[in-house]
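Each chain, written out:
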Amino acid sequence: MPFFQSPPVLPDTWVSDVPLQEHLERLLPVDMLAGVRPQLAELGRLAATTLHDLAAEAERDQPRHIPFDAWGRRSDQIAVSPAWEELHTWQVRLGLCAVPYDTEATGYKEHARVVQMALHHLYGPSSATYTCPVAMTDAAARVLLDHADVPLRDRVVARLTSRDPDAAWTSGQWMTEREGGSDVSRTATIARQGANGSWTLHGTKWFTSATTANCALALARPEGAESGSRGLALFLVERIDPRTGESQIGDTIRINRLKDKLGTKSMPTAELTLDGAFATPVGPVEHGVRKISGMLNITRFHNAMGASGGMRRGVELAVAYSRVREATGSRLIDLPLHTETLAAMSVDAEAAFALTVRVAHLIGRAEHGTATDAEQQSLRALIPVTKLLTGKDAVALASEALEAFGGAGYIEDTGLPLLLRNAQVLPIWEGTTNVLSLDLLRAATRNAVLPALFEDLAARLGDADVVALAESVRLVAAERDRLMSDAQGWHAADTAVVQAGMRQFAIRLGRAYTAALLCEHAAYRLAKHDDDRAALVARRYVRSRLAGAAEWSRPDPAESAAILMRGHAQPQGS
Ligand SMILES: Cc1cc2nc3c(=O)[nH]c(=O)nc-3n(C[C@H](O)[C@H](O)[C@H](O)COP(=O)(O)OP(=O)(O)OC[C@H]3O[C@@H](n4cnc5c(N)ncnc54)[C@H](O)[C@@H]3O)c2cc1C
């Protein structure tokens, strides 16, 4: 009999994801979790079957630009995979963009973002990056609710947050131009007002993802407005001109080409020319950059959800493979060094989840008016930190996941290289690591948000005051003190020196805060369930990500095996 390698079988992603279930049990009221659990259980099964197959098909059948119709007329159609369309239908039915907004009807209220994250965590890794249009649609709803005039708001938000696949719209965001993405102050697109008072846009947008969306938020400079970011205004461009019912695509919106990207290949990302596209101002024609800050909060949170879900998927697949692949006479999962590698990945994935779900919790409270001032300040600092840390960790973990498959991880038709390609965009879009590090510095110096975050961190540690975690709590508290002292030194330091150190500072801050969250969760599990799985995870994260080499010198194979076995439940019968 010839020998063939066995492929990994993705388990039911709800059943196997012990950390997800545990964190939800701590964060959601009992009745609410009981209400949403059947949907999550069904989604966990679908993510490993129907959605997984749709995603694979969407990745195979990539979008195509059809510039002209058969008769030579400019049409600029983008043909997308039917599987991509079905992934849209699924996200609408799941209510991924509805859950944060129909919170009175569902009763989720301030917990809505945590519920959204649970759904996203299961759907995202099997969506072929449909999570990108989901992020932009959610963010557009937020911006329109906060800033649009009533007629525009009422007409469009209901569509963006609909649970009806026939009625639901998606939105894009058209910010980046050739002149800059991180720095939008050089935006060259002009907004021109006609004699009848309506506005049209003229210029080139350099990156427009989900270009088939029904509408998009676009930055443009009203004619005669001042240069720099202060002169920019925000507009909503609709694919179908609402005045005429005619498509603007191929006419006033021309698609120059689709980008040839490293990843996110199932999703069209185009370069566009706006040549008189009809657009509606979002509120008064001013303060465009201020308005998109609310949009960025949401898309950065989505980016972190995508990173966290993708990390769990990478470990899930690597663990599944380690159960079927043998080397030197043992299954990979029984080899101490491989177990050690997988345990490190599993801990990092849980850490990303813990940090992001904390942001979900705080956004939900902010949106429902229950967040304290201190929580809002903490959230302001946490959004850039969470986006940048999870983005970087997602790429590192995806790379490790491919290596865990040996040569198979490098072969396209195993589907594994996708993990790395799709992860690599996470540190780039919605603000690069450096841009977010400087955003943290801005929030710290202009809005003085760090004291609130340090207090918040201390409160998480205070809840973890148990013997089993004493050493970890001590190490995290010491790192917090060092970070506070570093930040206090900024006012006397050279600006260039402070800026040059910001990436390292932001990453250290993210790690320390995450460690505190893991300790808090571990203490809860010990007290409420007499369960030390989360304590193993917290201690390991602190030792590997915070402590010096001395504390981290002696591995513990039994502990690593326990982290893996108890964090990745095997569905019955498998
Ligand atoms: C697949 C994909 C899809 C995208 N989709 C969209 C979309 O739908 N809509 C949209 O508007 N945009 C989109 N983008 C664009 C994306 O948001 C930008 O590429 C990103 O914000 C970075 O901007 P940039 O390309 O101008 O890079 P730059 O700003 O030129 O950055 C280049 C480098 O300089 C660094 N840098 C920049 N400023 C500073 C600073 N002050 N200090 C230190 N370092 C700095 C950055 O960290 C980076 O490493 C997409 C990008 C990709 C890859």
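Here goes a summary of the coordinates provided. Bear in mind the structure is a predicted one, so any value in this text is a computation, not a measurement.

1. Some thoughts on the overall build of the protein
Secondary structure assignment for the protein yields 19 helices and 11 strands. Radius of gyration (C-alpha) of the protein: 24 Å, near the 25 Å computed for a compact globule of 574 residues. Its C-alpha atoms give the protein principal-axis dimensions of about 75 × 70 × 45 Å. Looking at the protein as a whole, 57% of its 574 residues are labelled buried. Residue pairs at least 24 apart in sequence account for 75% of intrachain contacts in the protein once pairs closer than 6 positions are excluded. Accessible surface for the protein amounts to roughly 23,600 Å². Of this, 52% is attributable to carbon and sulfur atoms. Treating the 60 positive side-chain charges of the protein as one cloud and the 68 negative ones as another, the clouds have centres 3 Å apart.

2. Some words on the state of the cysteines
Defined simply, a disulfide is a covalent bond joining two cysteines at their sulfur atoms. For the coordinates displayed, the defined rule picks out 0 disulfides. Left without a disulfide partner, Cys-97 is nearest to the cysteine sulfur of Cys-215, which lies 11 Å away. A residue is classified by how much of its surface remains accessible, and Cys-97, at 5% relative accessible area, is buried.

3. Details of the packing of aromatic side chains
On inspection of all chains with the given rule, the structure shows 4 aromatic pairs. Between the aromatic rings of Trp-199 and Phe-235, the centroid separation amounts to 5.6 Å while the plane-to-plane angle is 55 degrees, which identifies the pairing as tilted. Taken together, the residues Trp-199 in strand β5 (residues 199–209) and Phe-235 in strand β7 (residues 233–238) connect sequence positions 36 residues apart. Relative to Phe-505, the ring of Trp-490 has its centre 4.9 Å away and its plane inclined at 65 degrees; by these criteria the two rings are edge-to-face. Here the residue Trp-490 occupies a position in the loop between α15 (470–488) and α16 (495–500), and Phe-505 occupies one in helix α17 (residues 502–529), the gap between them amounting to 15 residues. When sorted by exposure, Trp-490 lands in the same class as Phe-505, which is buried.

4. A closer look at the site of the ligand
Around the ligand sit 19 residues, and of these Thr-176, Gly-181, Ser-182, Ser-209 and Thr-432 come closest. Coverage of the ligand by the protein chains reaches 64% of its 980 Å² of free accessible surface. Elements represented by at least two residues in the shell around the ligand include exactly β5 and α13 (433–447). Taken together, the residues of the shell around the ligand sort by class into 7 nonpolar, 10 polar and 2 charged.

5. Re the packing of helix α11 (residues 373–403) against helix α14 (residues 450–462)
For the pair α11 and α14, interaxial distance at closest approach is 8 Å and the crossing angle is 100 degrees. If you check the angle between α11 and α14, you find them roughly perpendicular. Of the residues in α14, those touching α11 at Ala-374, Gln-377, Ser-378, Ala-381 and Leu-382 are Ala-452, Leu-453 and Asp-456. When the residues that make up the contact of α11 with α14 are grouped by side-chain class, the tally is 5 nonpolar, 2 polar and 1 charged.

What counts and what doesn't
- Residues numbered from 1 in each chain as written.
- Predicted model: local features only at pLDDT ≥ 70, side-chain atom pairs only at ≥ 80, totals over all residues.
- Heavy atoms only, no water.
- Helix = DSSP H or I, 4+ residues; strand = E, 2+ residues; numbered from the N terminus.
- Rg over C-alpha atoms; globule rule 2.2 N^0.38 Å.
- Buried < 20%, exposed > 50% of the residue type's maximum accessible area, 1.4 Å probe, protein only.
- Contact = heavy atoms within 4.5 Å.
- Areas by Shrake-Rupley, 256 points an atom, 1.4 Å probe, with all protein chains shown as cover.
- Lys, Arg positive; Asp, Glu negative; His and termini not counted.
- Charge placed at Lys NZ, Arg CZ, Asp CG, Glu CD.
- Disulfide = S-S within 2.5 Å.
- Phe/Tyr/Trp six-rings, centres within 6.5 Å; stacked < 30°, edge-to-face > 60°.
- Near = heavy atom within 4 Å.
- Nonpolar A, V, L, I, M, F, W, Y, C, P; charged D, E, K, R; others polar.
- Axes fitted to C-alpha atoms, helices over the stretch in contact; angles between N-to-C directions.
- Parallel < 35°, antiparallel > 145°, perpendicular 65-115°, else oblique.

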